[in-house]
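Structural overview for review
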Amino acid sequence: MSLFSGFVSGFTLQNLPVTSFEESYTQLFGDKNLFVHKDGKTVRLTLDERTGSGFVSNDLYLHGLFSASIKLPSDYSAGVVVAFYMSNGDMYEKNHDEIDFEFLGNIRGKEWRIQTNIYGNGSTHLGREERSNLWFDPTEDYHQYSILWSDSHIIFFVDNVPIREVKRTASMGGHFPSKPMSLYTTIWDGSKWATNGGKYGVNYKYAPYVAQLTDLVLHGCAVDPIEQFPKCDEGADEDIRAAQEISPSQRVKMGVFRRKHMTYSYCYDRNRYKVALPECVVIPAEAQRLRVHDPVTFGGIPRRHRYGKHRSRRSRVVGTESI
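Under an unreviewed UniProt entry, the chain has the name Xyloglucan endotransglucosylase/hydrolase and belongs to Brassica campestris. Check the Function (unreviewed entry) section of the UniProt entry for the chain; it says "Catalyzes xyloglucan endohydrolysis (XEH) and/or endotransglycosylation (XET). Cleaves and religates xyloglucan polymers, an essential constituent of the primary cell wall, and thereby participates in cell wall construction of growing tissues." Listed under Sequence similarities (unreviewed entry) in UniProt, the entry text for the chain is "Belongs to the glycosyl hydrolase 16 family."

1. Side note on the overall build of the chain
For the chain, the helix and strand inventory stands at 4 helices and 16 strands. Taken across its 323 residues, the chain has 55% of its residues classed as buried. Put simply, of all contacts in the chain between residues at least 6 apart along the chain, 71% involve residues at least 24 apart. Carbon and sulfur atoms provide 50% of the accessible area of the chain, an area that totals close to 14500 Å².

2. Focus on the layout of surface pockets
The volume enclosed by the largest pocket comes to roughly 640 Å³. Taken together, 24 residues form the lining of the largest pocket, with Glu130, Glu165, Arg258, Val281 and Glu286 sitting closest to its centre. Where the lining of the largest pocket is concerned, the elements lending two or more residues are strand 12 (161–167), helix 3 (248–261) and helix 4 (284–290). The residue inventory of the lining of the largest pocket, partitioned by class, reads 11 nonpolar, 3 polar and 10 charged.

3. Brief notes about the side chain of Ser53
One can find Ser53 in strand 4 (residues 53–57). Looking at Ser53, its side chain comes within polar contact range of the main-chain oxygen of Asn33, at 3.2 Å. When near neighbours in sequence (up to four residues on either side) are disregarded, Ser53 contacts Phe29, Gly30, Asn33, Leu34, Leu45, Thr46, Thr185, Thr186 and Ile187.

4. Remarks on empty space enclosed by the protein
Using the criterion set out here, one finds 1 cavity of 30 Å³ or more in the structure. The calculated volume of the largest cavity comes to roughly 30 Å³. Secondary-structure elements contributing two or more residues to the lining of the largest cavity are strand 8 (113–119), strand 9 (130–132), strand 12 and helix 3. Its residues assigned to classes, the lining of the largest cavity shows 3 nonpolar, 2 polar and 3 charged.

5. Here's the deal with the pattern of salt bridges
Within this structure, the stated rule accounts for 9 salt bridges. Its salt-bridge partner being Arg108, residue Asp75 comes within 2.9 Å of it at the nearest N-O pair. Placement of Asp75 in the loop between strand 5 (61–71) and strand 6 (80–87) and of Arg108 in the loop between strand 7 (98–104) and strand 8 is noted, with a sequence separation of 33 residues between them. Between Lys179 and Asp97 there is a salt bridge, with its nearest N and O atoms 2.9 Å apart. Here Asp97 lies in the loop between strand 6 and strand 7 and Lys179 lies in the loop between strand 12 and strand 13 (182–189), a separation of 82 residues in the sequence. For the pair Lys179 and Asp97, a shared accessibility class is recorded, and that class is buried. The network of salt bridges with common partners includes Glu130, Arg164 and Arg258.

Calculation criteria
Residues numbered from 1 in each chain as written. Predicted model: local features only at pLDDT ≥ 70, side-chain atom pairs only at ≥ 80, totals over all residues. Heavy atoms only, no water. UniProt positions renumbered as here; feature names shortened; annotations may be inferred. Helix = DSSP H or I, 4+ residues; strand = E, 2+ residues; numbered from the N terminus. Buried < 20%, exposed > 50% of the residue type's maximum accessible area, 1.4 Å probe, protein only. Contact = heavy atoms within 4.5 Å. Areas by Shrake-Rupley, 256 points an atom, 1.4 Å probe, with all protein chains shown as cover. 1 Å grid on protein atoms, 1.4 Å probe; cavity = no way out; pocket = protein on both sides within 12 Å on 5 of 7 lines; lining within 4 Å. Points joined across faces, edges and corners; volume = space filled by probe spheres on them. Nonpolar A, V, L, I, M, F, W, Y, C, P; charged D, E, K, R; others polar. Polar contact = N/O pair within 3.5 Å; in protein donor to acceptor, adjacent residues only side chain to side chain. Salt bridge = Lys/Arg side-chain N within 4 Å of Asp/Glu carboxyl O.

Quick look at the structure:
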């Protein structure tokens, strides 16, 4: 039985419009390590000794609902990172925005973990990471991971369960993402940091590492490249407003998830921040619970520059292959 069985959800993400790869995305890197199935809507990303792989949306968006059903690589996966995220690093190298879902592999017998993070206006020196375990095995089947981004809220969902809510506050200033962004999905070698602070790296004996994605959703306000204003998909404004209003039952679900599965939050990391960042609401019981987990190590070099995550659109290779 699911941890969340018995709850009745509010707004549901299951009926959002799905787009085909060809009409909405472009290969970012990886050559033949990116494959598109014959249905045009299912994508396979591979990491091997030669390269990882990834793709990016054709359009920039200012707010929306962004989603994919993802099945992660199985077996030994230490050092492997699968990222589903939004960024405008191509356009704003020194003051970019970013909203991250990162899936962090592990040694055999240990589950994958998820990390969420946001940056606004180039605030990469301030990590707002949270890490959590999942209540299911993400390698056995597809599960839906979604990002809601509005002018006032960022909410991360797993299978329609909100796992993290970031509200825009005056204290955050320009650190709340506010410029148009593209949607990216990548698989890459994060050996230097992803598993126990780099203690365990990618072992290519177990390669290739394969992530599969389907039900890709870009339901938002695309920015017109000429007129430079956002033009929303049909019904997107209404759906964005509905999704950011977390129902009482969904808020209960989020509380259950965070109590049982969250293992790290920047708001309680006194090694990094002697004083919690101003938007943090410090809950003593939560602080006490998180102290039992191993500390998380973050490197000084911004990870987005380590593997060409934001290489120029001019250098992207366009191409897919049916299987």
